[in-house]
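This is what each chain is made of:
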Amino acid sequence: MAAKWTLITGASDGLGREFARIAAAEGRDLILVARRAERLEALAEELRARHRIAVEVMPADLSDPAAVEALWRRAAHRRQIEVLVNDAGFGLNGAFAETDLARELASIAVNVTALTILMKHAVGHMRAQGGGRILNVGSTAGFMPGPNMAVYHATKAYVLSLSEAVAEELRGGNVTVTALCPGATATGFQSVAQMENALLLRILPVAEAGAVARAGWRAMQRGRRICVTGSFNRFFAVAPRLSPRALTTRITALFLRPGRIRAR
């Protein structure tokens, strides 16, 4: 019988790294995916030594659909993927007319296309192998349009919608899908998105990555469809349904407006 494995994308930093540590502490064998091989290797060495588990490192550029397909073939070869964590993703802060098109297209490829490919393969694989769990890392951004991060918010709306729809299709079966929707979290995301000085990060609490990952992992194990972490974030997830959409969009634009970067 094939060994059972947990596949985690975006595992080199932030939430992905925390998910890897949680899974390793449960004795799960891991496949770690990200672009930066050296960070993955360092994490793999840490987890092998601490938990005596098997850890495979598979560097991949998830903005390339062919590389994502090759990743799945390699990961699932003679293995049973019991848990898939789609954590890889990034965004870009700035007005849509001014942000770099190539970077935006790459974010769509990672946030949407790669996640969809892996999820598509995982569902069929898990159903045939006796069951499994899928955790898609979305965002509270998925609940509302996001002027100044328009593409990122749109990709996270896709993740939320896809996760909910497929979870319903699989209801009562042996595979579950959970969308984790955190708000601002202390990861490398803000630096990559060039939004360190956005109003959102200056006035709202930023969650610790480990706490968010633990909440998402628990929700996944319980088969919950959506997990929004933190009271502020639960408010922001519900508010767009209660207020006029135009007002929600204007308020979001204010929170995400790029600010002048100040010297530190």
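Each remark here, short or long, concerns the structure printed above.
Residues numbered from 1 in each chain as written. Predicted model: local features only at pLDDT ≥ 70, side-chain atom pairs only at ≥ 80, totals over all residues. Heavy atoms only, no water.

Focus: unusual backbone geometry
- One non-glycine residue with positive phi stands out, namely arginine 78, at about 60°.
- Structurally, arginine 78 can be placed in the loop between α3 (65–76) and β4 (79–86).
- Classification of arginine 78 as exposed rests on a relative accessible area of 73%.
- A positive phi is found at asparagine 148, a non-glycine position, where the angle reads about 80°.
- By the element assignment, asparagine 148 lies in the loop between β5 (132–137) and α5 (150–169).
- Residue asparagine 148 is classed as buried on the basis of its relative accessible area, which comes to 18%. (Helix = DSSP H or I, 4+ residues; strand = E, 2+ residues; numbered from the N terminus. Buried < 20%, exposed > 50% of the residue type's maximum accessible area, 1.4 Å probe, protein only.)

Points about the layout of surface pockets
- The computed volume of the second largest pocket comes to approximately 170 Å³.
- Forming the walls of the second largest pocket are Thr116, Met119, Lys120, Val123, Arg127, Leu162, Val166, Glu169 and Leu170.
- When contributions to the lining of the second largest pocket are tallied by element, the ones reaching two or more residues are α4 (101–129) and α5.
- Of the residues forming the lining of the second largest pocket, the biggest block, five residues, is contributed by α4.
- Residues of the lining of the second largest pocket, tallied by class, amount to five nonpolar, one polar and three charged. (1 Å grid on protein atoms, 1.4 Å probe; cavity = no way out; pocket = protein on both sides within 12 Å on 5 of 7 lines; lining within 4 Å. Points joined across faces, edges and corners; volume = space filled by probe spheres on them. Nonpolar A, V, L, I, M, F, W, Y, C, P; charged D, E, K, R; others polar.)

A short note on the pairing of strand β6 (residues 175–181)
- By the criterion of burial, β6 is predominantly enclosed, with seven of the seven residues buried.
- Alternating residues of β6 divide into Val175, Val177, Ala179 and Cys181 and Thr176, Thr178 and Leu180, and every residue in both groups is buried.
- Alignment of β5 against β6, held across six bridges, turns out to be parallel. Note that in β6 the partner of valine 137 across the bridge is leucine 180.
- Once you follow β5 into α5 and on to β6, the crossover reads as right-handed. (Pairing = 2+ DSSP bridges. Right-handed = clockwise from strand over helix to strand, strands pointing away.)

Thoughts on the packing of aromatic side chains
- Tallying each qualifying case throughout the model produces one aromatic pair.
- Here arginine 79 stacks its cationic end above the ring of tryptophan 5, 4.9 Å away from the centre of that ring. (Phe/Tyr/Trp six-rings, centres within 6.5 Å; stacked < 30°, edge-to-face > 60°. Lys NZ or Arg CZ within 6 Å of the ring centre and 35° of its normal.)

Topic: the nonpolar core
- In terms of nonpolar packing, the biggest core is built from 33 residues, with Leu7, Ile31, Val33, Leu62, Ile81, Met119 and Ile134 touching the most fellow members.
- Ranked by residues supplied to this core, first place goes to α4 with nine residues.
- If near-sequence neighbours (up to four positions away) are discounted, valine 33 is found in contact with Leu7, Ile8, Thr9, Gly10, Ala11, Leu40, Met58, Ala60, Leu62 and Leu71.
- Formed by 31 residues, the second largest nonpolar core is a distinct cluster that contains Ile22, Ala24, Ala34 and Val83. (Core = buried A, V, L, I, M, F, W, Y, C linked by side-chain atoms within 4.5 Å. Contact = heavy atoms within 4.5 Å.)

Focus on the pattern of salt bridges
- For the structure shown, the criterion picks out twelve salt bridges.
- Measuring nitrogen to oxygen at the nearest pair gives 3.0 Å for the salt bridge that ties arginine 171 to glutamate 168.
- The class of arginine 171 is exposed, set by a relative accessible area of 61%.
- A network of salt bridges, in which partner residues are shared, links Lys4, Glu26, Arg28 and Glu82. (Salt bridge = Lys/Arg side-chain N within 4 Å of Asp/Glu carboxyl O.)

Concerning the packing of α4 against α5
- One can describe the packing of α4 onto α5 by two numbers: an axis separation of 9 Å at closest approach and a directional angle of 10°. Taken together, α4 and α5 sit at an angle that is classed as roughly parallel. The residues of α5 that touch α4, namely those facing Glu104, Ser107, Ile108, Asn111, Val112, Leu115, Thr116, Met119 and Val123, are Val151, Tyr152, Thr155, Tyr158, Val159, Leu162, Ser163 and Val166.
- A breakdown of the residues in the contact of α4 with α5 according to their chemical character gives eleven nonpolar, five polar and one charged. (Axes fitted to C-alpha atoms, helices over the stretch in contact; angles between N-to-C directions. Parallel < 35°, antiparallel > 145°, perpendicular 65-115°, else oblique.)

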